[in-house]
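# Summary of the model geometry
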Amino acid sequence: MTDAASFHTAEIARDEDVLACRDCGLVQSTPPLHRSVEASCCRCGATLAREHRHPLSGGFVWAVTALLLAFPAYLEPIFDVSAVGIHHATRVDGTVTSLVSAGFLPLAIPVGLFSIAIPVLWLACLTTTLAVLLTPARPRWLGPMFRVATSLDIWAMPDVFVMGSFVAYTRLQAVTRVDIAAGGWAFLVFSFAVTAVRVVLDQHYVWEQIMPDTKAVSRDRSLLCPHCALDVDQAHGGKPCPRCGAIIHERKPGSLQRCTALIGAAYLLYIPANLLPVLSTVRFGRAQNHTIFGGAVELIQAGMWPLALIVFMASIAVPVLKLVGLTWFLLSIRARTDRNLKRRTRLYRVIEAIGRWSNIDVFMIGLLTALVNFGNLTTIEAQPGAIAFAAVVVLTMLASKSFDARLMWDAAGERNVT
Ligand SMILES: [Zn+2]
Ligand SMILES: [Zn+2]
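Residue indices follow the written sequence of each chain, beginning from 1 at its first position. By the order in which they are written, chains take letters starting at A while ligands take numbers starting at 1. With the structure being a predicted model, the display of local features is reserved for residues of pLDDT at least 70 and the display and counting of side-chain atom pairs for 80 or more, all residues being used for whole-chain, interface and lining totals. The side-chain values count all of the structure's non-hydrogen atoms but skip hydrogen atoms and water molecules.

Our next topic: the nonpolar core. Put simply, buried Ala, Val, Leu, Ile, Met, Phe, Trp, Tyr and Cys residues joined by side-chain atoms within 4.5 Å make one nonpolar core. Relative accessibility under 20% of the residue-type maximum defines a buried residue, over 50% an exposed one, and the middle range a partly exposed one, all with a 1.4 Å probe and only protein chains included. Membership of the largest hydrophobic core comes to 93 residues, with the highest contact counts inside it found for L107, W122, F187 and F190. Comment: elements are numbered from the N terminus, with helices defined as DSSP H or I runs of at least four residues and strands as E runs of at least two. In terms of residue count, helix α3 (residues 105-133) provides more of this core than any other element does, 12 residues in total. Every residue pair with non-hydrogen atoms within 4.5 Å of one another is taken to be in contact. Excluding its chain neighbours within four sequence positions, the residues that come into contact with F187 are A73, Y74, I78, V92, S115, P158, F161 and V162. Membership of the second largest hydrophobic core comes to 32 residues, among which are A46, L262, L323 and I333.

Structural data, given as structure tokens:
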């Protein structure tokens, strides 16, 4: 182990800053960073700080572009389905209304939140924050507003919705005529703009623009804001962060209990989510049920291998990885072991990043229910298994959010100061 954090380029100045790692809790020193320099934790490899690669204006332009594209993406129909001369055009909100009218409110809520409400709210908060930062004004609400935006980030899923639409489109194309309408193309570009905002925006730099870190806290008194990573004195513990307003705790409070309860509930629901049908196709009064696993098998049988692989990874492999991974982390904390600490921390980062992609099937179910409704001829209906599956996805996402990876290092008795 080295005493200073490792650097990706050699551009290093003399004074040093003190930073605590979000993933393993190690407090370590880094010299002030310059353009295109990234400091990573010397113990677990997490990114500690990255100096602004892009000016704020780039993020602002993409956020405004995404916000403008949201209008045609949400107000125009995305798909046009036709069967025996009947046409059905559906907008994104059609997925929500058709699930509600079919009595699937518990499924309509996550679909509506993740595909419509949260992306719009997230973009609105982000655009407002960046617009104000381009002026000299620094109102007090700016930090809390950017905190709302960054908290909503993983729950804003236009990109996952696009993938769900792609699966729905491919499956439908095999049985009937389906055209991508103007709103569908707009949604695709909208989702691209949303991804561009995420790539271009350097959150650390935005926080520094809202309120610069004074870097005045000594290493042994350092406490990190769990949200904006402001380095504050330990006396701030239990109080709101001066920059973002989040309550500062040394570790996420009640992390283990909350994570254990959420994982337990997810395990229970995992059984009906996989055993019960998630969809049924009713043709001339005859219903055919489909399970999550069956959906992937049907894609293989239809020769759609790449799509089958995506669905298999998102709907089967990722939920299992989340459940098994988080169980492993919780057990290793109980056992106070230091084995595979780095590997576990790395796996935790992967689980946090990919968890949202399990919603592909949730969106696909919502879309197929909305698109295929041709009375006695053919209808596709959501089934109770879909509610259990959506619940497993949300519960495991909440579990990985509530888990504090630093507890693994604490339990192993690792020193937290270099
Ligand atoms: Zn670390
Ligand atoms: Zn903060």
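Let's pick the thread back up.
Right, let's talk about the coordination of the zinc ion (ligand 2) for a bit. Each metal's donors are the N, O and S atoms within 2.8 Å of it, or within 3.2 Å when it is Na, K or Ca, and because water is not part of the set, sites may look incomplete. Coordination sphere of the zinc ion (ligand 2), protein contribution only: C225 (SG), C228 (SG), C241 (SG) and C244 (SG), at 2.2 to 2.4 Å. By the criteria applied here, four donors are tetrahedral when all angles lie between 85 and 135 degrees, four are square planar and six octahedral when opposite donors are over 155 degrees apart and every other angle lies between 65 and 115, and any other arrangement is irregular. The site at the zinc ion (ligand 2) holds four donor atoms, and with the angles between them running 103 to 116°, its shape is tetrahedral. Read N to C, the donor residues that coordinate the zinc ion (ligand 2) are spaced as C-x2-C-x12-C-x2-C. Comparing C241 with C244, the two get one shared label, buried.

So, on to the domain arrangement of the protein. Assigned domains within the protein: domain 1 (1-51) and domain 2 (56-203 + 252-411). Centre-to-centre separation of domain 1 and domain 2, based on C-alpha positions: 33 Å. Listed by partner, the interface residues are 11 residues for domain 1 and seven residues for domain 2. Between domain 1 and domain 2, the buried area comes to about 770 Å², and carbon and sulfur atoms account for 48% of it. Once two parts are brought into contact, the accessible area they lose, counted with a 1.4 Å probe and summed over both, makes up the buried area. When the area that domain 1 buries against domain 2 is broken down by residue, the three leading residues are D23, R43 and C44, summing to 59%. Just to be clear on terms, a salt bridge is a Lys or Arg side-chain nitrogen sitting within 4 Å of an Asp or Glu carboxyl oxygen. Remark: the boundary between domain 1 and domain 2 carries one salt bridge. Note that R349 is salt-bridged to D23, the shortest N-O span being 2.5 Å. A 3.5 Å cut-off defines polar contacts: any pair of N or O atoms within that distance qualifies, except that in protein one atom must be a possible hydrogen donor and the other a possible acceptor, and neighbouring residues in sequence count only when both atoms are side-chain atoms. At the boundary of domain 1 with domain 2, the tally comes to three residue pairs in polar contact (both at pLDDT 80 or more). Bear in mind that the domain bounds are from an automatic or database domain assignment.

Now for unusual backbone geometry. Within the chain, A229 stands out as a residue other than glycine whose phi angle is a positive 65°. Structurally, the position occupied by A229 is in the loop between β9 (222-224) and β10 (231-233). Phi is positive for R336, close to 50°, though the residue is something other than glycine. Residue R336 is classed as exposed on the basis of its relative accessible area of 57%.

The next thing to look at is the packing of helix α1 (residues 56-75) against helix α6 (residues 182-200). The interhelical angle for the contact between α1 and α6, taken along N-to-C directions, is 160°, at an axis separation of 8 Å. One element, α1, and the other, α6, form an angle in the roughly antiparallel class. Seen from above, α1 lies across α6 with left-handed handedness. Together, G58, G59, W62, A63, A66, L69, A70, P72, A73 and Y74 of α1 and G183, A186, F187, V189, F190, F192, A193, V194, A196, V197 and V200 of α6 make up the contact between the two elements. Whenever a helix is involved, its axis is fitted only over the stretch in contact; in every case the axis is a line through C-alpha atoms, and angles between N-to-C directions fall within 0 to 180 degrees. Here is the rule for angles: anything less than 35 degrees is roughly parallel, anything more than 145 is roughly antiparallel, 65 through 115 is roughly perpendicular, and the remaining ranges are oblique. Less than a right angle of anticlockwise turn of the near helix away from the far helix marks a crossing as left-handed, whereas a clockwise turn marks it as right-handed.

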